[in-house]
Amino acid sequence: MPTFLPVSLPRQKVRWRRVLLVFGGALLLFQVLVNVLLATGGLAGLLNRLIPRTELRWRQAWSFVPGRVHLRDFSLRREEPNNAAWRLDIDRVWVDVSLTGLLLRRFETVSVDVRGLRAHIHTVTPKKGEPPPPPPRREKDPWRIHLKDVRVHGVHEFAWNGARLTGITEVSGNLDLQPGERILMEDARVSLGPGELSIDQDTVAHVEGGTAGATLEVRRQEPEGLDIITGLTEGRLQLTARVPSASAFRRLVPRLAELHMSGGAGRVEVDLHVKEGRVAAGTVLKGAGAPLQLPVGPLVLKAPWRFASDIYTREDGEERLGFKLTLGPARLEGGQGPAVGIPEVAMLMSARPPRLGSALPDVHLQVQAARSEPVELRLFNGWIGPSFQVESGRALLEATSHASPEKGRGEAHLSLSTEGLRAHWGGATLGGRVLLDVDAYKLAFQRDAVVLDGSQLRLEDVTVRTGGDDARGWDGTLAFPEATLALSPPSFRGRFTGRFSNAVPFVALLTHQGVLPRILSPLLEAKDLELSGTLSLGEAGAKVEALRARGQGLDVRGRVSSTDGVPSALMLVKLGVLPVGVEVGATASLQLMNPQGWYTQKTGEPVE
């Protein structure tokens, strides 16, 4: 009879079936357990205890496939030891996570797909003079977070302190993070669609579109800790945006924060390159806009604007960031005076390429105002009153400035010069050239006045024609340590010191008005005349008080005024050792007896 051996195949099938059933049951039980932990928040609580200073929450969560988790209304918040914090709020996210990595304190993903994100970052900047906070202590065996193939669709907003950006359509990249130790971000890409950039709830730009990319590699250094800015090894931002008002630049550029600009809507284009955390070669910024209004004290500057900025290389090989802001054609208006047309006002700036988020280093500034359009001086007759009236002449305005703020050096000048000046004062005809130089560093604007301390007035090639005594080819200089120009009503007051080539023009005017006898005029023509006093001009006339003049053999003190073209004076004139008192009012008179006592009685001013 044939012998039949037992067959074990069915028994092996049963064994494998049992193994598969047990494995499948365990896997199913694990999935049930995972879903229970997801649904009840138990997993979030466990992770919150395992990862210091971190809080995770979600409203709904489930997992149908091991390692693939679906979360709704997910939030992740982390607080740093220096009171900084960041938070992510996500509408929906699908995560393929490595389960075995969790056992090794690693949160590793194969892919992350996010739909709808809000990101908020809060940082703490030390106050001026305060040292930066120390880096956080190293964590023992910190968790490692490795997110691969991250894709975010639809960023509702990205907020950093007071700044807020909307319109980010897509973000992608890879992130490898070990808290407190290192951060590696590769192939980060951002796409920008229509959105808004606002600072402290004030919209500063309407973004039309753009792209950004960056690579970040940061490793902990002692004692600084993690330096994220320097770790930005390479990056580029390209965008175009509309600016609703020039006031936006006050928010974006701290150096312009005190300028109260309005109007000036325009458009800007940005191509920003970053290397090792600093603005790098290839950067190009440009923009232009409609006329803006810039208050300059009681006046208003109105002009369209345009700017351009890039990185250039100097002859010595050093790279510099250059910036040019141009206003023009411009008009300066306000008060009762005429408007001044200026073809162009340009501000030029250069600095070493700055570190992102830091002030510009080694700044050099230069401001240039092209020579203004001629202004007819007759338009100022309403300002200076009837005592002095301009018959003809034009004025030209020009400005220059350069400075190095960090080194505390620089100078700025506002210059006004005249051409073809011809004027009348009390029946005499005056001509010549006037040059006014204003120290712009001391220039200050008040509500209805301009402070002109430090100004200097030069008179060149002055002529005085009275029909009798004429003076020609005369020049002089007046310096005003203190001076104020009021605009409403128009008036001027200042304290002056000065030097003139001689006293001939003054003598010609005074003898023409009958203040001095003509026979004395040759004795008063002192050379190298030095004088000081206070000057007041207004609609009522002109007044010089505390007048003191000294020249060769001449010493004069007193006060002189002119109202409605009629002069009056009270002076003590010393010719060598001979003093003479002079008083002019309705009539002119000389005081030869005890003139010092007479002068003291009239003015209350003691005379040595």
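Scroll up to find the structure this text is about.
Sequence order sets the numbering: in each chain, residues are counted from 1 along the sequence as written. Given that this is a predicted model, residues contribute local features only at a pLDDT of at least 70 and side-chain atom pairs are listed and counted only at 80 or more, while totals for whole chains, interfaces and linings are drawn from all residues. Side-chain descriptors were evaluated using all non-hydrogen atoms of the structure, hydrogens and water having been removed beforehand.

Peer 1: Any details on the pattern of salt bridges? Residues and values, ideally.
Peer 2: Counted as salt bridges are all cases of a side-chain nitrogen of Lys or Arg within 4 Å of a carboxyl oxygen of Asp or Glu. Considering all chains together, one arrives at 37 salt bridges under this definition. Among the ionic pairs, Glu344 bridges to Arg306, the shortest N-O distance being 3.4 Å. Separated by 38 residues along the polypeptide, Glu344 in the loop between β20 (340-342) and β21 (345-351) and Arg306 in strand β17 (residues 299-313) bring together distant segments of the chain. Residue Glu419 is joined to Arg394 by a salt bridge in which the shortest nitrogen-to-oxygen separation is 3.0 Å. Of this pair, Glu419 sits in strand β25 (residues 409-425) while Arg394 sits in strand β24 (residues 388-404); the two residues are 25 residues apart in sequence, bridging distant segments of the chain. Salt bridges here are not isolated pairs; linked through shared partners, they connect Arg314, Asp316, Glu318, Arg320, Arg352 and Asp362. Numbering goes from the N terminus for both helices and strands, where a helix is a DSSP run of H or I of at least four residues and a strand is a run of E of at least two.

Peer 1: So what's going on with helix α7 (residues 595-603)? Which residues, and what values?
Peer 2: Any residue under 20% of the maximum accessible area for its type is buried, any over 50% is exposed, and the rest in between are partly exposed; the area is computed with a 1.4 Å probe on protein chains only. Regarding α7, the residues found buried are Pro595, Trp598 and Tyr599. Buried residues of α7, viewed axially, fall in a sector of 95 degrees; they line one side. Directly beyond the C-terminal end of α7, a positive phi value near 80 degrees is found at Gly604. Our arc is simply the arc of the directions from the helix axis toward the C-beta atoms.

Peer 1: I'd like a rundown of unusual backbone geometry, residues and numbers included.
Peer 2: Here the bond from Gly328 into Pro329 is cis, since omega is -5 degrees, no more than 30 degrees from zero. For Pro329, the position within the fold is in the loop between β18 (319-327) and β19 (330-333). The backbone of Gln201 sits at a positive phi, close to 65 degrees, despite the residue not being glycine. Inspection of the secondary structure assignment puts Gln201 in the loop between β10 (195-199) and β11 (202-219). Residue Gln201 is classed as exposed on the basis of its relative accessible area of 79%.

Peer 1: So what about the nonpolar core? Which residues, and what values?
Peer 2: Across soluble globular proteins, nonpolar side chains show a tendency to be buried alongside one another. Within the largest apolar cluster, 91 residues are counted, with the highest numbers of intra-cluster contacts made by Trp58, Leu71, Phe74, Val93 and Phe480. Any two residues whose heavy atoms approach within 4.5 Å at even a single point are treated as in contact. With near-sequence residues (within four places) excluded, Trp58 lies in contact with Leu38, Leu43, Ala44, Leu71, Arg72, Asp73 and Phe74. We define the nonpolar core as a collection of buried residues of types Ala, Val, Leu, Ile, Met, Phe, Trp, Tyr and Cys that are connected through side-chain atoms lying within 4.5 Å of one another. Among the nonpolar cores identified, the runner-up in size contains 7 residues, and Leu177, Ile183, Val218 and Val274 belong to it.

Peer 1: Outline the packing of aromatic side chains, supporting the account with residue identities and numerical values.
Peer 2: Aromatic rings from Phe, Tyr and Trp, with only the six-membered ring used for Trp, were paired whenever their centres fell within 6.5 Å, and each pair was classed as stacked if the ring planes differed by under 30 degrees, edge-to-face if by over 60, and tilted otherwise. Following the criterion strictly, the structure yields 5 aromatic pairs and no others. With 6.3 Å between their ring centres and 20 degrees between their planes, Trp58 and Phe74 make a pair best called stacked. Of the two residues, Trp58 is situated in the loop between β1 (54-57) and β2 (60-65) and Phe74 in strand β3 (residues 68-79); the sequence distance between them amounts to 16 residues. Considered together, Trp58 and Phe74 belong to a single accessibility category, that of buried residues.

Peer 1: Give a description of the environment of Ala444 that names residues and reports values.
Peer 2: Along the polypeptide, Ala444 turns up in strand β27 (residues 444-445). Apart from the residues lying within four places of it in its own chain, the contact partners of Ala444 are Ala449, Val450 and Val451.

Peer 1: Which residues make up the pairing of strand β32 (residues 527-538), and what values do they have?
Peer 2: Any two strands between which DSSP finds at least two bridges are classified as paired. When strand β31 (residues 490-502) meets β32, the two strands line up antiparallel, connected through 11 bridges. Looking at β32, one finds that Gly494 is bridged to Leu535. Of the strand pairs in this sheet, β32 and strand β33 (residues 541-551) are connected by 8 bridges, and their pairing is antiparallel. From the neighbouring strand, Ser532 faces β33, where its bridge partner is Arg548. Hairpin geometry of β32 and β33 is characterised by an intervening segment of 2 residues between the two adjacent antiparallel strands.

Peer 1: Break down the side chain of Thr166 for me, with residues and values.
Peer 2: Looking at where Thr166 falls in the secondary structure, it is placed in the loop between β7 (163-165) and β8 (168-178). By the criterion applied in these results, polar contacts are pairs of N or O atoms within 3.5 Å in which, for protein atoms, one can donate a hydrogen and the other can accept it, and in which residues neighboring in sequence qualify only through two side-chain atoms. Reaching out from Thr166, the side chain makes a polar contact with the backbone nitrogen of Glu196 at a distance of 2.9 Å. Here Thr166 is in contact with His156, Glu157, Gly195 and Glu196, once residues within four sequence places are set aside.

Peer 1: Which residues make up the side chain of Asp176, and what values do they have?
Peer 2: Summarising the element assignment, Asp176 is placed in strand β8. Here Arg182 takes part through its side chain, which lies 3.0 Å from a polar atom of the side chain of Asp176. When near neighbours in sequence (up to four residues on either side) are disregarded, Asp176 contacts Arg144, Ile145, His146, Arg182, Ile183 and Leu184.

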